[in-house]
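A closer look at the structure
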Amino acid sequence: MVLLVFLLVGLTVSRIQTNPLQPVDTDFYLLGTDGLLEDYPVILRSGEPQEYNVGVMNGNEDPSAYSIVALLNDEQVGSVTIPTLAEGQQWEGQISVTA
C-alpha cells in the first residue's frame, strides 16, 4: 500500500481567525464513490491513474482561490486548481493522481 499525502494549498492551512471571537473554517475533504466522507480509494498502483473526489468550502469572509496538490515521496503526482470561491461557496470536483 502506498501512502498518499494531499497537500492543500490556499489562503487557509487549517483555520483562519479574522476575529478571535469568531473563528472561520475553510473545509477541504475527500469523498467516496457514493459522495460521502467514507469509502474513498486508499490504494494507488504505480503507473495507473486514480481519481479522487475532492471538495472545498470557503469559510473566509473574502473570496479565495485554492489549489489541491497530491504529493508522493515529496514529488507532485496530481493537482487541481479551484476557481475563486465567495464566502460560503462550495466546490466539488476530481483530482487525478498517478504514481
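To keep things clear, this report deals only with the structure shown in the data block. (Residues numbered from 1 in each chain as written. Predicted model: local features only at pLDDT ≥ 70, side-chain atom pairs only at ≥ 80, totals over all residues. Heavy atoms only, no water.)

1. Here's the deal with the overall build of the protein chain
Quick note on the threshold: Numbering of helices and strands runs from the N terminus; a helix is a DSSP stretch of H or I covering at least four residues, while a strand is a stretch of E covering at least two. Between buried and exposed lies partly exposed: a residue is buried under 20% and exposed over 50% of the maximum accessible area for its type, with that area taken using a 1.4 Å probe on protein chains only. By definition, residues are in contact when any of their heavy atoms lie within 4.5 Å.
From N to C terminus, the protein chain includes zero helices and eight strands. Secondary structure elements of the protein chain, listed N to C terminal, follow the sequence β-β-β-β-β-β-β-β. For the protein chain, buried positions account for 30% of its 99 residues. Here the analysis covers contacts within the protein chain between residues at least 6 apart in sequence; of these, 60% occur between residues at least 24 apart.

2. Observations concerning the nonpolar core
Note the threshold: Joining through side-chain atoms within 4.5 Å is the link that ties buried Ala, Val, Leu, Ile, Met, Phe, Trp, Tyr and Cys residues into a set, and such a set is a nonpolar core.
With 16 residues, the main nonpolar core has Val56, Ile68, Ile82, Ile95 and Val97 as its most contacted residues. The set of elements that each furnish at least two residues to this core consists of strand 5 (49-57), strand 6 (64-72), strand 7 (75-85) and strand 8 (90-98).

3. Observations concerning the sheet that holds strand 8
Rules: In short, DSSP must find at least two bridges between two strands for them to pair. The axes used here are C-alpha line fits, helices contributing only the stretch in contact, and every angle between their N-to-C directions lies in the interval 0 to 180 degrees.
Pairing in this open sheet of three strands is antiparallel, and the strands run 4-5-8 from one edge to the other. The two strands at the open ends of the sheet, each matched to only one other strand, are strand 4 (27-31) and strand 8. Here the average twist between neighbouring strands, direction ignored, is 30°. Here five bridges tie strand 4 to strand 5, and the two strands are oriented antiparallel to one another. Following the sheet pairing, leucine 31 is matched in strand 5 by asparagine 53.

4. Examining the pairing of strand 7
Pairing geometry for strand 6 and strand 7, over eight bridges, is antiparallel. Bridge assignment links valine 69 to a residue of strand 7, and that residue is serine 79. Between strand 6 and strand 7, which pair antiparallel and follow one another directly, the connecting turn spans two residues, one of which, asparagine 73, has a positive phi of 55°.

5. Quick notes on a nonpolar patch on the surface
What counts is decided by this rule: Like charges are joined within 9 Å and nonpolar side chains (Val, Leu, Ile, Met, Phe, Trp, Tyr) within 5 Å, but only among residues with over 30% relative accessible area and no salt bridge; these make up the patches. All accessible-area figures derive from a Shrake-Rupley calculation using a 1.4 Å probe, and residue coverage is judged against the displayed protein chains alone. Salt bridges are counted wherever a side-chain nitrogen of Lys or Arg sits within 4 Å of a carboxyl oxygen of Asp or Glu.
Together, Tyr40, Val42 and Ile43 make up an exposed nonpolar region whose accessible area comes to about 260 Å². Turning to its location among the elements, tyrosine 40 is positioned in the loop between strand 4 and strand 5.

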